[in-house]
Amino acid sequence: MGLQAGIVGLPNVGKSTLFNALTAAKAEAANYPFCTIDPNVGVVTVPDERLNQITALVKPKSTVPTAMEFVDIAGLVAGASKGEGLGNQFLGHIRSTDAIVHVVRCFDDPNIVHVSGSVDPVRDMDVINTELMLADFDSVDKRVQKIEKAAKTSGDKKLRAEYDAVKKIHDALAAGKPARSVDLEDADVPIVKDLHLLTSKPVLYACNVSEEDMQKGGNEWVAQVAARAKEEGNLHLVICSALEAEISLLPREEQPEFLASIGLEEPGLNRLIMETYRLLDLSTYFTAGEKEVRAWTIHRGMRAPQAAGVIHSDFERGFIRAEVYNCEDLFALKSEQAVKDAGKYRVEGKDYAVKDGDIMFFRFNV
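Quick caveat, the model's predicted, so the values are computed rather than measured. For every chain, the first residue of the written sequence is number 1, and numbering continues from 1 along that sequence. Only residues with pLDDT of at least 70 are given local features in this predicted model, and only at 80 or more are side-chain atom pairs given and counted; all residues enter the totals for whole chains, interfaces and linings. Excluding hydrogens and water, the side-chain figures rest on all heavy atoms present in the structure.

**A closer look at the pattern of salt bridges**
If charged atoms from side chains of opposite charge come close, those side chains can pair.
Piece 1. Any Lys or Arg side-chain nitrogen found within 4 Å of a carboxyl oxygen on Asp or Glu counts as a salt bridge. According to the stated counting rule, one finds 19 salt bridges in the structure shown.
Piece 2. One salt bridge connects R50 with D356, and the closest N-O pair in it is separated by 2.9 Å. Highlighted residues: R50 in helix 2 (residues 49-58) and D356 in the loop between strand 11 (346-348) and strand 12 (358-364), separated in sequence by 306 residues.
Piece 3. Note that R317 and D314 form a salt bridge whose closest N and O atoms lie 2.7 Å from each other. Under the scheme used here, helices are H or I runs from DSSP no shorter than 4 residues and strands are E runs no shorter than 2 residues, and both carry numbers assigned from the N terminus.

**A few points about the pairing of strand 6 (residues 203-208)**
Piece 1. Three exposure classes are used, based on accessible area relative to the maximum for each residue type with a 1.4 Å probe and protein chains only: buried under 20%, partly exposed in between, and exposed over 50%. Extensive coverage of strand 6 is indicated by the burial of six of its six residues.
Piece 2. Residue alternation in strand 6 divides its side chains into two sets, V203, Y205 and C207 and L204, A206 and N208, and both sets are buried.
Piece 3. One requirement defines pairing of two strands: DSSP has to find at least two bridges between them. Looking at chain direction, strand 5 (residues 99-105) and strand 6 are connected through six bridges and run parallel. Opposite V101, over in strand 6, you have L204 as the bridge partner.
Piece 4. Examined bridge by bridge, strand 6 and strand 7 (residues 235-239) share five bridges and lie parallel to one another.

**Remarks on the nonpolar core**
Piece 1. Only buried residues count toward a nonpolar core, which is a set of Ala, Val, Leu, Ile, Met, Phe, Trp, Tyr and Cys residues joined through side-chain atoms within 4.5 Å. Grouped together as the largest cluster of nonpolar side chains are 55 residues, with contacts concentrated most on L22, M68, F70, V101 and L272.
Piece 2. Contacts are assigned to residue pairs with any non-hydrogen atoms lying within 4.5 Å of each other. Residue contacts for F70: discarding those within four places in its chain leaves A5, I7, F19, L22, N40, V41, G42, V44, V101, I273 and T276.
Piece 3. Counting 17 residues, the second largest nonpolar core, distinct from the first, contains V140, V166, I169 and A172.

**Re the environment of G233**
Piece 1. Along the chain, G233 turns up in the loop between helix 8 (220-232) and strand 7.
Piece 2. With a relative accessible area of 61%, G233 lands in the exposed category.
Piece 3. For the pair formed by G233 and V203, sequence separation is 30 residues and the distance between their alpha carbons is 8.8 Å.

Have a look at this one:
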């Protein structure tokens, strides 16, 4: 699955520093607005210790983790929806993403200019969220005007259904509410999805703090962001972009010792990736054999044929059955044969909802 999260925020909040740490890419990070002119895309592997454990037991020739993309998008400012600060260009880049990682400045540093002159994370969140809603409203309003007359007079049920769905979103945005706040009927979901609305995407607020506050677990500004995120039904986490950039430059074998020295168990980037994964309601299944052990990303609860289709469309089209066991059984029993002997190896059909951690082998015929 090609999943993508856009990293957004005001200028100078630490977006590009975080992106550089995430992907080891060379997005320019400078102390002035709009230094990131083009979207930078980086592919990151999803950390999953289970993949290493499966590899140790199966001993394949190769191991392939699952991955997702992060897009570093230039700093937005008030008026972005009307083109301020090259805003329209960057808002367009966000539309193609599945989720938004909204970096919020929760640190004070006189050497790093704040575009609004002071640190106020809730105000900053409101600036970005307002711009996203204004951009969505402009898009939806044009759509409503285009189809309203025909929807009401033509008798076309499909067009009427589209109008009703879009009008719900239009009214919510007009009231200052994001598209994700609208309770849609099942039939409305694909209609609204085709609009690629910015405010329909789930949001993870990344509270960028100083190293000192990272070790303390946050500060007053983080508490404010957490309260707002909870109110919106979104997620938040605490991270120090500068520290993550430092960690990412260390050889992998030296990272645990460095993390322990500052009281952390793992890089904050691991948590960021996994929280984004959780935000999108994703899970992982594995394929395991002598040639390859591989992790695959699916939406939680996906049925077996659709999960097979993530590997190849032929697998879904010609799906016959899935042979399944869970990685926890492998860890306990140490081999696939032992799993079979214990009666933990199962055959599942088209209605099987794949569980996180399943190890699967698909039978298909095209």
